[in-house]
Amino acid sequence: MRKEDLRLAAGLTTNMIANMGKGKNISMETLVRICEALNCGILDVIELEPDKEPKNEGQTG
């Protein structure tokens, strides 16, 4: 499937597609629309990666 086909099937904007290509964050709503268009689950279209910087466990906020 081409990006344009996905854009049309999921009702996405060209900016949404461009942001995904740049690795920018997208909303859960956008993910759901993509999954509905592809008839798949969220874990089929995303990959979870650990944070690059370790979190300080003693800090709050």
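Residues numbered from 1 in each chain as written. Predicted model: local features only at pLDDT ≥ 70, side-chain atom pairs only at ≥ 80, totals over all residues. Heavy atoms only, no water.

Requested: an account of the overall build of the chain, with residues and values cited.
The number of helices and strands found in the chain is 3 helices and 0 strands. Going from N to C terminus, the chain has its helices and strands arranged as α-α-α. For the chain, buried positions account for 15% of its 61 residues. Of the accessible surface of the chain, which amounts to about 5300 Å², a share of 48% is contributed by carbon and sulfur atoms. (Helix = DSSP H or I, 4+ residues; strand = E, 2+ residues; numbered from the N terminus. Buried < 20%, exposed > 50% of the residue type's maximum accessible area, 1.4 Å probe, protein only. Areas by Shrake-Rupley, 256 points an atom, 1.4 Å probe, with all protein chains shown as cover.)

I'd like a description of the pattern of salt bridges, backed by residues and values.
Across all of its chains, the model carries 3 salt bridges by this definition. E4 is the partner of R7 in a salt bridge, and the nearest nitrogen-oxygen pair spans 2.8 Å. Here R7 pairs with E4, and both are found in helix α1 (residues 3-10), just 3 residues apart, close to one helical turn. (Salt bridge = Lys/Arg side-chain N within 4 Å of Asp/Glu carboxyl O.)

Talk me through the state of the cysteines; I want residue IDs and the actual numbers.
Disulfides are covalent bonds that link the sulfur atoms of two cysteine residues. Tallied over the full model, the rule gives 0 disulfides. Between C35, a free cysteine, and C40, which holds the nearest cysteine sulfur, the sulfur-to-sulfur gap is 4.2 Å. C35 gets classed as buried once you look at its relative accessible area, which sits at 7%. (Disulfide = S-S within 2.5 Å.)

Give me the lowdown on unusual backbone geometry, citing residues and values where you can.
Phi at N39 is positive, roughly 55°, even though this residue is not glycine. Mapped onto the fold, N39 is located in the segment after α3 (28-38).

Just give me the short version of the environment of M20, but keep the residues and values in it.
Positionally, M20 belongs in helix α2 (residues 14-21). Accessibility expressed as a relative area gives 27% for M20, which makes it partly exposed.

Can you lay out the packing of α1 against α3 for me, pointing to particular residues and giving the numbers?
Here α1 crosses α3 at 105°, and the two axes come no closer than 9 Å. Comparing their axes, α3 and α1 come out roughly perpendicular. Contacts from L6, A9 and A10 of α1 reach α3 at R33, I34, A37 and L38. Looking at the contact of α1 with α3, its residues break down into 6 nonpolar, no polar and 1 charged. (Axes fitted to C-alpha atoms, helices over the stretch in contact; angles between N-to-C directions. Parallel < 35°, antiparallel > 145°, perpendicular 65-115°, else oblique. Contact = heavy atoms within 4.5 Å. Nonpolar A, V, L, I, M, F, W, Y, C, P; charged D, E, K, R; others polar.)

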